[in-house]
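# A look at the structure
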Amino acid sequence: DSKKLSAAVRQEFSEEIRAHACWAIGEACHEEINSINIVQASFLAMRRAYESMCKNFEVSIGLALIDGHLAPPFPCPVKPIVKGDSKSVSIAAASI
(Lines give C-alpha, C1' and ligand atoms only; values in the text may rest on other atoms or scores of the structure.)
Protein backbone atom coordinates (compact mmCIF):
# COMPACT_ATOMS: atom_id res chain seq x y z
CA ASP A 1 0.00 0.00 0.00
CA SER A 2 1.70 3.19 -1.16
CA LYS A 3 0.02 5.19 1.62
CA LYS A 4 2.11 3.22 4.12
CA LEU A 5 5.36 4.35 2.48
CA SER A 6 7.19 7.58 3.21
CA ALA A 7 7.38 10.18 0.45
CA ALA A 8 11.09 9.44 0.03
CA VAL A 9 10.51 5.70 -0.40
CA ARG A 10 7.64 6.32 -2.85
CA GLN A 11 9.94 8.59 -4.87
CA GLU A 12 12.69 5.95 -4.91
CA PHE A 13 10.25 3.25 -6.06
CA SER A 14 8.77 5.61 -8.65
CA GLU A 15 12.18 6.15 -10.21
CA GLU A 16 12.84 2.39 -10.30
CA ILE A 17 9.44 1.66 -11.85
CA ARG A 18 9.87 4.33 -14.52
CA ALA A 19 13.36 3.07 -15.34
CA HIS A 20 12.60 -0.66 -15.52
CA ALA A 21 8.91 -1.25 -16.25
CA CYS A 22 6.34 -0.59 -18.92
CA TRP A 23 4.08 2.10 -17.51
CA ALA A 24 1.66 4.84 -18.49
CA ILE A 25 -0.61 7.34 -16.83
CA GLY A 26 -4.24 7.78 -17.78
CA GLU A 27 -6.36 10.73 -16.79
CA ALA A 28 -9.97 11.83 -16.82
CA CYS A 29 -10.78 15.52 -16.43
CA HIS A 30 -13.34 16.97 -14.05
CA GLU A 31 -15.81 17.52 -16.89
CA GLU A 32 -15.66 13.80 -17.70
CA ILE A 33 -16.09 12.89 -14.04
CA ASN A 34 -19.13 15.17 -13.79
CA SER A 35 -20.55 13.83 -17.05
CA ILE A 36 -20.10 10.07 -16.65
CA ASN A 37 -19.46 9.66 -12.85
CA ILE A 38 -16.27 8.88 -10.96
CA VAL A 39 -16.34 5.11 -11.50
CA GLN A 40 -16.78 5.37 -15.27
CA ALA A 41 -14.18 8.16 -15.41
CA SER A 42 -11.75 5.89 -13.52
CA PHE A 43 -12.39 3.15 -16.08
CA LEU A 44 -11.79 5.70 -18.87
CA ALA A 45 -8.49 6.73 -17.30
CA MET A 46 -7.47 3.06 -16.98
CA ARG A 47 -8.27 2.49 -20.64
CA ARG A 48 -6.25 5.53 -21.65
CA ALA A 49 -3.27 4.28 -19.64
CA TYR A 50 -3.66 0.83 -21.21
CA GLU A 51 -3.75 2.25 -24.73
CA SER A 52 -0.81 4.55 -24.06
CA MET A 53 1.29 1.72 -22.63
CA CYS A 54 0.52 -0.56 -25.57
CA LYS A 55 1.45 2.19 -28.02
CA ASN A 56 4.54 3.60 -26.27
CA PHE A 57 6.09 0.26 -25.36
CA GLU A 58 4.68 -1.76 -28.26
CA VAL A 59 3.44 -4.43 -25.88
CA SER A 60 0.47 -6.74 -25.93
CA ILE A 61 -1.21 -7.08 -22.56
CA GLY A 62 -2.75 -10.46 -21.81
CA LEU A 63 -4.37 -9.64 -18.45
CA ALA A 64 -5.20 -6.43 -16.60
CA LEU A 65 -5.15 -6.58 -12.82
CA ILE A 66 -7.56 -4.07 -11.31
CA ASP A 67 -7.56 -2.95 -7.68
CA GLY A 68 -11.14 -3.37 -6.47
CA HIS A 69 -14.16 -5.54 -7.14
CA LEU A 70 -15.32 -4.11 -10.48
CA ALA A 71 -14.14 -5.34 -13.87
CA PRO A 72 -14.28 -2.51 -16.40
CA PRO A 73 -14.82 -3.21 -20.07
CA PHE A 74 -11.33 -3.64 -21.47
CA PRO A 75 -9.64 -4.88 -24.67
CA CYS A 76 -8.05 -7.74 -22.72
CA PRO A 77 -9.18 -10.04 -19.90
CA VAL A 78 -9.52 -8.29 -16.52
CA LYS A 79 -9.02 -9.67 -13.03
CA PRO A 80 -10.35 -7.45 -10.24
CA ILE A 81 -8.62 -8.01 -6.89
CA VAL A 82 -10.05 -6.55 -3.70
CA LYS A 83 -7.22 -4.91 -1.72
CA GLY A 84 -5.06 -5.62 -4.75
CA ASP A 85 -2.32 -3.22 -3.72
CA SER A 86 -1.53 -5.53 -0.79
CA LYS A 87 -1.80 -8.73 -2.89
CA SER A 88 -0.13 -7.85 -6.19
CA VAL A 89 3.24 -6.22 -6.82
CA SER A 90 1.92 -4.90 -10.15
CA ILE A 91 -1.06 -3.21 -8.53
CA ALA A 92 1.12 -1.87 -5.72
CA ALA A 93 3.51 -0.41 -8.29
CA ALA A 94 0.59 1.25 -10.09
CA SER A 95 -0.45 2.99 -6.87
CA ILE A 96 2.98 4.61 -6.60
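Residues numbered from 1 in each chain as written. Predicted model: local features only at pLDDT ≥ 70, side-chain atom pairs only at ≥ 80, totals over all residues. Heavy atoms only, no water.

## Notes on the layout of surface pockets
The space that makes up the largest pocket amounts to roughly 1,100 Å³. If you trace the largest pocket, you find 29 residues lining it, with A24, S90, A93, A94 and S95 closest to the centre. Within the residue set of the lining of the largest pocket, elements represented by two or more residues are α1 (7–20), α3 (38–57), β1 (64–67) and α4 (89–95). Across the lining of the largest pocket, the residue classes tally to 22 nonpolar, 5 polar and 2 charged. (1 Å grid on protein atoms, 1.4 Å probe; cavity = no way out; pocket = protein on both sides within 12 Å on 5 of 7 lines; lining within 4 Å. Points joined across faces, edges and corners; volume = space filled by probe spheres on them. Helix = DSSP H or I, 4+ residues; strand = E, 2+ residues; numbered from the N terminus. Nonpolar A, V, L, I, M, F, W, Y, C, P; charged D, E, K, R; others polar.)

## Here's the deal with the packing of aromatic side chains
This model, assessed by the stated rule, comprises 1 aromatic pair. Residue placement shows R18 over the ring face of W23; its charged tip is 4.6 Å from the ring centre. (Phe/Tyr/Trp six-rings, centres within 6.5 Å; stacked < 30°, edge-to-face > 60°. Lys NZ or Arg CZ within 6 Å of the ring centre and 35° of its normal.)

Treat this as a map of the structure, not an account of what it does.
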